[in-house]
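Per-entry structural report
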Amino acid sequence: MMTCLFVQIQCRPGTTYKVADEIALREFHSELYSTSGQYELLMKLYVPEDEDVGKYINAKLMDIDGIERTFTTLTFKAF
C-alpha cells in the first residue's frame with residue numbers, strides 16, 4: 001500500500017520552471033501543477049508504506065536548487 005501526499009513547494013523568485021523541470025526529470029511524482037498563492041507548485045506523490053515520509057521527501061526533493069520551503073499534507077482516506 002502507498003501513502004498519498006500533497007507537497008506544496010515555494011520557490012526562490014525566478015526558479016519555478018527550473019524546479020518543475022528538475023522534479024519532472026526525477027519521475028517520482030504522480031502529478032505536478034503550477035499554482036497561485038504562497039506556493040508556486042503543487043505535487044502529488046505516493047510514498048511506499050514502509051518508507052519514512054520525511055526521509056523520502058528529503059532524499060527525492062530537497063536537494064533541488066531553488067526550493068525555499070515545502071508544506072506537506074498526508075492523506076488518510078479517499079471519499
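Check the entry above for the structure.
Nothing here was measured: the structure is a model prediction, and the numbers come from that model.

Moving on, we get to the side chain of Lys44. For Lys44, the position within the fold is in strand 3 (residues 41–48). Among the polar contacts listed, one links the side chain of Lys44 to the side chain of Tyr46, at a separation of 3.3 Å. Among residues more than four places away in sequence, those in contact with Lys44 are Cys4, Leu5, Phe6, His29, Ser30 and Glu31.

Before going further, it helps to examine the nonpolar core. Core analysis: the largest hydrophobic core is formed by 17 residues, its most contacted members being Ile9, Val19, Ile23, Met43, Leu45 and Leu61. At the level of elements, strand 1 (2–11), helix 1 (16–26), strand 3 and helix 2 (53–60) are the ones that each hand at least two residues to this core. In this structure Leu61 touches Val7, Ile9, Ile23, Arg26, Phe28, Met43, Ile67 and Thr70, once residues within four positions along its chain are discounted.

So, how was this worked out
- Residues numbered from 1 in each chain as written.
- Predicted model: local features only at pLDDT ≥ 70, side-chain atom pairs only at ≥ 80, totals over all residues.
- Heavy atoms only, no water.
- Helix = DSSP H or I, 4+ residues; strand = E, 2+ residues; numbered from the N terminus.
- Polar contact = N/O pair within 3.5 Å; in protein donor to acceptor, adjacent residues only side chain to side chain.
- Contact = heavy atoms within 4.5 Å.
- Core = buried A, V, L, I, M, F, W, Y, C linked by side-chain atoms within 4.5 Å.
- Buried < 20%, exposed > 50% of the residue type's maximum accessible area, 1.4 Å probe, protein only.

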